[in-house]
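Single-letter residue listing:
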Amino acid sequence: MARIVQKFGGTSVANLDRIRAVAGRIKETIEAGDQVAVVVSAMAGATDQLVAWTRELSPIHDAREYDVVVSSGEQVTAGLVALALQAEGVDARSWLGWQIPIETDDAHGRARISAVDGDEIVRRLGGGQVAVMAGFQGLGSDGRVTTLGRGGSDTSAVALAAAIRADRCDIFTDVNGIYTSDPRIVAKARKLDKITYEEMLEFASLGAKVLQPRSVELAMNHGVRLQVRSSFDDAPGTLVVDEEEVVEHAVVSGIAHSGNEAKITLIRVPDRVGVAASLFGSLAATNINVDMIVQNVSEDGNTTDLTFTVSQPDMERTLRLVEDKREELGFERVVGDADVVKISVIGVGMRSHAGVATTMFSALAECGINIQVISTSEIKISVLVASTYTELALRSLHSAYGLDAK
Ligand code: ADP
Ligand code: ASP
Ligand code: MG
């Protein structure tokens, strides 16, 4: 007997037929003798609709009420899946985040889980009942409903798996595993049998939305065995594992992209001590995350152009904040550009191999793609390019690193 968490994403519960299919799969697992705790997302498109409604009524919304609205999609599917299971003769009940409770901080809209009490769920599972938990939801330290950020049901599933000491956490989605690049864009992408937590964390943080980054971090810290697989067939998916479990390391294991970037450039900044500290200090104080940074000395040698990236929703706020500092910092003007994409190559094998960056730069140059910003870490290289080149850049890099499926 195993204790398993099964998480079903939006497309897997998109309508009643799919919900019945999900119930059928859960029933099979139960009949095989396993205990199952289920975590569900909202029906495909439901959360987008809820977000759009809050924005339409109130562009500068109260994040606590935003959470009340957007968390509701998961309540619907939790109840429906429990009903579908009962219709199949399976003992099941739904659980909302606050009922578990999934305790979080009070950062509404992007709350972090602080504690999960799994005892009652363990007891119920022991009594033969299926627990169907609404993903994405938490109970804030302010006593109100929180949500975990877009894609947060993955994190709910891993947190529950850790709390009930599950043997496995299966993430059922609309692709049959983790690929070397987004299979919807790169037709030649290959499915990976295994990927390390570390690489998956980079992959997710750099834009591969197949898993929410925080879910990978939690799985890594709590040793949760995570599998990404298709809700439409029974083929084995991709296992996320410790580095020792992967026998052969490719130098580059995959390529991710994120279109959620915005580039901010300060033109002709006087070259003096303390400019970066003042600028980035102000951004940090208002919770704006800066990602890539480059600074170039201009022709006269006295001023520099300073470029950095923030996430697209932060662009307007950043431009306003920087503009307010124009007099203090003495730069000429500031410009924003949202038509950019960040492309990243990822691989733990990079630690011991030279020449990975050169391959990237040459492949992009051959396609005539100009690199605007570069950043690197031990196991990844990211470049910022114009967003019109997204597909071309992904496909040509995929070939350049020999990742194409035969
Ligand atoms: P769910 O609704 O089940 O949570 P998501 O849409 O959040 O599903 O995540 C699955 C999607 O992630 C896929 O449809 C795919 O387009 C995208 N994706 C991006 N990068 C990858 C990758 N490297 N491997 C697999 N899927 C990826
Ligand atoms: N329904 C939420 C979203 O669309 C959470 C999730 O699907 O993981 O972001
Ligand atoms: Mg998702």
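See above for the structure.
(A) Local environment of the site of ligand 2. For ligand 2, the full set of nearby residues is S41, A42, T47, E74, F136, R150, G151, G152 and S153. In the model, an oxygen atom of ligand 2 is placed 2.6 Å from a nitrogen or oxygen of the R150 side chain. A total of 260 Å² of accessible area belongs to ligand 2 in isolation, and the protein chains cover 86% of it.

(B) Quick peek at the pattern of salt bridges. Taken as a whole and judged by the stated rule, the model has 26 salt bridges. E65 serves as the salt-bridge partner of R144, at 3.0 Å between the closest nitrogen and oxygen. With a gap of 79 residues between them, R144 in the loop between β7 (137-139) and β8 (145-147) and E65 in helix α3 (residues 63-70) connect regions that are remote in the sequence. Here R395 and E391 are joined by a salt bridge, their closest N and O atoms 3.7 Å apart. Here R395 pairs with E391, and both are found in helix α13 (residues 390-400), just four residues apart, close to one helical turn. Exposure remark for R395: the relative accessible area of 40% places this residue in the partly exposed category. Linked through salt bridges whose partners overlap, the residues forming this network are E198, E243, R351 and E378.

(C) Summary view of the layout of surface pockets. The computed volume of the second largest pocket comes to approximately 380 Å³. Along its surface, the second largest pocket is lined by 18 residues, and L192, K194, V246, E248 and A250 are the ones closest to its centre. Here the lining of the second largest pocket takes three residues from strand β10 (residues 194-196), the largest share from any one element. Among the residues making up the lining of the second largest pocket, the classes are represented as eight nonpolar, four polar and six charged.

(D) Molecular detail of unusual backbone geometry. Following I100, the chain continues into P101 via a peptide bond in cis, with omega recorded as -10 degrees. Tracing the chain through its elements places P101 in the loop between β3 (92-95) and β4 (102-104). Phi is positive for R165, close to 50 degrees, though the residue is something other than glycine. Mapped onto the secondary structure, R165 falls in the loop between α6 (153-163) and β9 (168-173). Even without being glycine, N287 reaches a positive phi, approximately 65 degrees. As for its position among the elements, N287 is in the loop between α9 (275-285) and β14 (293-297).

Thresholds applied
- Residues numbered from 1 in each chain as written.
- Chains lettered and ligands numbered in written order.
- Predicted model: local features only at pLDDT ≥ 70, side-chain atom pairs only at ≥ 80, totals over all residues.
- Heavy atoms only, no water.
- Near = heavy atom within 4 Å.
- Polar contact = N/O pair within 3.5 Å; in protein donor to acceptor, adjacent residues only side chain to side chain.
- Areas by Shrake-Rupley, 256 points an atom, 1.4 Å probe, with all protein chains shown as cover.
- Salt bridge = Lys/Arg side-chain N within 4 Å of Asp/Glu carboxyl O.
- Helix = DSSP H or I, 4+ residues; strand = E, 2+ residues; numbered from the N terminus.
- Buried < 20%, exposed > 50% of the residue type's maximum accessible area, 1.4 Å probe, protein only.
- 1 Å grid on protein atoms, 1.4 Å probe; cavity = no way out; pocket = protein on both sides within 12 Å on 5 of 7 lines; lining within 4 Å.
- Points joined across faces, edges and corners; volume = space filled by probe spheres on them.
- Nonpolar A, V, L, I, M, F, W, Y, C, P; charged D, E, K, R; others polar.

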